[in-house]
Amino acid sequence: MDEVIQVTQWLSSITPRKKAKLFFFTTHADAPSPMVGSNDVDTHEETQLPLATTVALHNFKNIDEFLKKKVNTFSCYNVIENEITKTDYEYLRFYSACKYLDVVPPFLDLEKISAIQNKFEMTDEERDYRLLLDSADLVLEKVCDSLKPAGVSQMWTALRKDRNLIRGVKTIDIIGFFVDPNPTGIKECLFFFIVRFLQKADKINRVNTNRLERLIAQCDESSSCEEGKTIDFIIDSLRFYPTELYPFGFCLIMCVIEGRDGAMQEIEKTMEISRHLGMITHTEKNPTKETIELVKKELMKPKYQFYSSFTCWFMSHGDSNSTVLADGETIEREWFLTSFPDISTFQLKPKVFFMVSCRGANKFSLKGDEFEGQSATCDYYDIGSALIRNRMLDITDSVRDISYVQPMMDTLVAYSTILDHLSGRANTHGSIYVDRACVLMSENISRGRSLTEILEHLSQDLHEILQETMDEDRIVYKQACHYDSFFRKTLKLPYTRHPKEDVHSAPQ
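Residues numbered from 1 in each chain as written. Predicted model: local features only at pLDDT ≥ 70, side-chain atom pairs only at ≥ 80, totals over all residues. Heavy atoms only, no water.

A. Main features of the overall build of the protein. When helices and strands are counted, the protein shows 20 helices and 13 strands. Across the 508 residues that make up the protein, the buried fraction comes to 50%. The contacts of the protein with a sequence gap of at least 6 include a subset with a gap of at least 24, amounting to 79%. Accessible area of the protein: about 25,000 Å², with a carbon and sulfur share of 48%. (Helix = DSSP H or I, 4+ residues; strand = E, 2+ residues; numbered from the N terminus. Buried < 20%, exposed > 50% of the residue type's maximum accessible area, 1.4 Å probe, protein only. Contact = heavy atoms within 4.5 Å. Areas by Shrake-Rupley, 256 points an atom, 1.4 Å probe, with all protein chains shown as cover.)

B. The arrangement of the side chain of Lys21 in detail. Examined against the element boundaries, Lys21 turns out to sit in helix α2 (residues 16-26). Overall, Lys21 belongs to the buried group, its relative accessible area being 6%. Each residue touching Lys21, except ones within four places of it in the same chain, is listed here: Leu101, Glu141, Asp145 and Phe192.

C. Fine view of unusual backbone geometry. At Glu121, a position not held by glycine, the phi torsion is positive, near 60°. By the secondary structure assignment, Glu121 is in the loop between α6 (110-119) and α7 (135-146).

D. Local environment of the sheet that holds strand β3 (residues 310-315). The sheet built from 6 strands is open, its strands ordered β2-β1-β3-β6-β8-β13 with mixed pairing. The open sheet has two edge strands with one neighbour each: β2 (279-285) and β13 (482-485). Pairwise comparison of adjacent strand axes, ignoring direction, gives a mean angle of 15° for this sheet. Pairing of strand β8 (residues 411-415) with β13, which is carried by 4 bridges, proceeds in the antiparallel orientation. Residue pairing for β13: Ala414 is matched across the bridge by Tyr483. Docked against the sheet, helix α15 (residues 263-276) engages β1 (249-255), β2 and β3, running at close to 165° with respect to β2. (Pairing = 2+ DSSP bridges. Axes fitted to C-alpha atoms, helices over the stretch in contact; angles between N-to-C directions.)

E. Region of interest: the pattern of salt bridges. According to the stated counting rule, one finds 25 salt bridges in the structure shown. Between Lys269 and Asp435 there is a salt bridge, and its shortest N-O distance comes to 2.8 Å. Highlighted residues: Lys269 in helix α15 and Asp435 in helix α19 (residues 432-444), separated in sequence by 166 residues. Note that Asp461 and Arg436 form a salt bridge whose closest N and O atoms lie 2.8 Å from each other. One end of the pair, Asp461, is in helix α20 (residues 451-463); the other, Arg436, is in helix α19, with 25 residues separating them in the sequence. It is possible to trace a salt-bridge network through shared partners that takes in Arg17, Lys21, Glu141, Asp145, Lys187 and Glu188. (Salt bridge = Lys/Arg side-chain N within 4 Å of Asp/Glu carboxyl O.)

F. Expanded view of the packing of helix α5 (residues 86-101) against α6. At a minimum axis distance of 10 Å, the contact between α5 and α6 shows a crossing angle of 125°. Here α5 lies oblique to α6, going by the angle between them. Every pair of crossing elements has a handedness; the one defined by α5 and α6 is left-handed. Judged by residue contacts, Asp88, Tyr91, Leu92 and Tyr95 of α5 engage Leu110, Lys112, Ile113, Ile116, Gln117 and Lys119 from α6. By residue class, the composition of the contact of α5 with α6 is 6 nonpolar, 1 polar and 3 charged. (Parallel < 35°, antiparallel > 145°, perpendicular 65-115°, else oblique. Left-handed = near helix turned anticlockwise from the far one by under 90°. Nonpolar A, V, L, I, M, F, W, Y, C, P; charged D, E, K, R; others polar.)

G. Seen up close, α6. Among the residues of α6, those classed as buried are Lys112, Ile113, Ser114, Ile116, Gln117 and Lys119. Buried positions along α6 lie against α4 (61-76) and α5. One side-chain oxygen of the residue at the start of α6 lies 3.0 Å from the amide nitrogen of Glu111, identifying that residue as Asp109. Two residues or fewer after α6 comes Glu121, characterised by a positive phi angle close to 60°. (Polar contact = N/O pair within 3.5 Å; in protein donor to acceptor, adjacent residues only side chain to side chain.)

H. A look at the packing of α15 against α19. Direction vectors running N to C along α15 and α19 enclose 20°, while the axes themselves pass 10 Å from each other. Taken together, α15 and α19 sit at an angle that is classed as roughly parallel. Both α15 and α19 take part in a crossing whose hand is left-handed. Seen from α15, the contacting residues are Glu266, Lys269, Thr270, Ile273 and His276; seen from α19, they are Val434, Asp435, Cys438, Met441 and Ser442. A per-class count over the contact of α15 with α19 returns 4 nonpolar, 3 polar and 3 charged.

I. Structural context of the packing of aromatic side chains. Considering all chains together, one arrives at 28 aromatic pairs under this definition. Centre to centre, the rings of Phe340 and Phe353 are 6.1 Å apart; their planes meet at 65°, and the pair counts as edge-to-face. Remark: Phe353 occurs in strand β6 (residues 351-356) and Phe340 occurs in the loop between α17 (333-339) and β6; sequence separation between them is 13 residues. With respect to class, Phe340 is no different from Phe353; both count as buried. Sitting above the plane of the Trp335 ring, Lys289 keeps its charged end 5.1 Å from the centroid. (Phe/Tyr/Trp six-rings, centres within 6.5 Å; stacked < 30°, edge-to-face > 60°. Lys NZ or Arg CZ within 6 Å of the ring centre and 35° of its normal.)

Shown next, in the form of structure tokens:
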């Protein structure tokens, strides 16, 4: 059959809502860089003009033309070995979006997808189409689905009132002030236009969504939310790190085995819980400084841009400032922690480090004395109250910036013990901290718990356990863990993970 006829038939089989979503996913705002064939030209018209004209004319002609152009480009594209191009990235995104929406063109060359995945050096696990979807876009899709056409229309009205933001933007004028978002697919086009406009204007990104939240907050709940949804529910969904679908993220496990009883148990437990959480996992036994440098270099490869989070378990001996490696050399713990968050592939994504080692020789010893704990309470002030808010600074958009980010932002470091103290272990099971952390995380999957909630529970659980030193003194002591957080959103554990056998990836 003629390819033009095939494309026409394919487009006619897609609903307007799915066309809007396919366009949105395909025009992803944060393509990996640097990439061969990419440049800094303004893609304003490519990503916003088709949406604007569709909303204004209630006609999907320009979106259809965009999708036809993509299909034709991919049809003529020759995959070049060893050189990742912008088209490679776009091809993978397009395929994953089609797969997600169940609109894969029957004529799409899946062998090319496999060849592109080879260029990205993807493993079998990484060829799952869900890895290629952007989690932030999936969250925004759910926000759109939670709003009625009237709600998106109210967001548009609120946006139009911000004259400083919209001044001189032609696509804003194309849509006009009053919009009828009720025809099928128009609500989606208008919402996705608002999102892409705010992203291009550097007002929102995958972490900073305050500007979008403020637009939603101005909607009338009774007319703007789909059944069972509320404004608070919709806004809250934007306050979590986007880690939708599989995989939950990439997990690196580094464990020094030499001289550490139970180390293999630690590896088994952390691998099990990581896979249970839906992470793709890599293990390095007996790491050296050279190993760490090689891993850092590996994580800078383009394929890691597709991951939505990064977790590292580092288990070894240590002291107050340093961690002991397999060859007996030491590295400054601070150097390790500051070198990984700066890796560009995981910027604006949650990065969690579990540092499991002693940080000194001190012990919180128990000698039979009774200690009475004291509790303190304080009043809770609702920052949303008019009285309080009226006394706060008026922070305008002109003094806000989301472009420059401190490297440690979006990072959480969990320590198995406090400074200058021991980190206990069992001869057969390894680190008690690792054991309890894995147990609590496995128990809380599907309960909607955040990582910090679990770490707080872990702190309570671990501090109840009586431990004993293995020397001749046999001192009974307690261990206290803690964490330092630079998170800007909440990181929730996944509710469910789709079984791997249900996934059909591209041919190998």
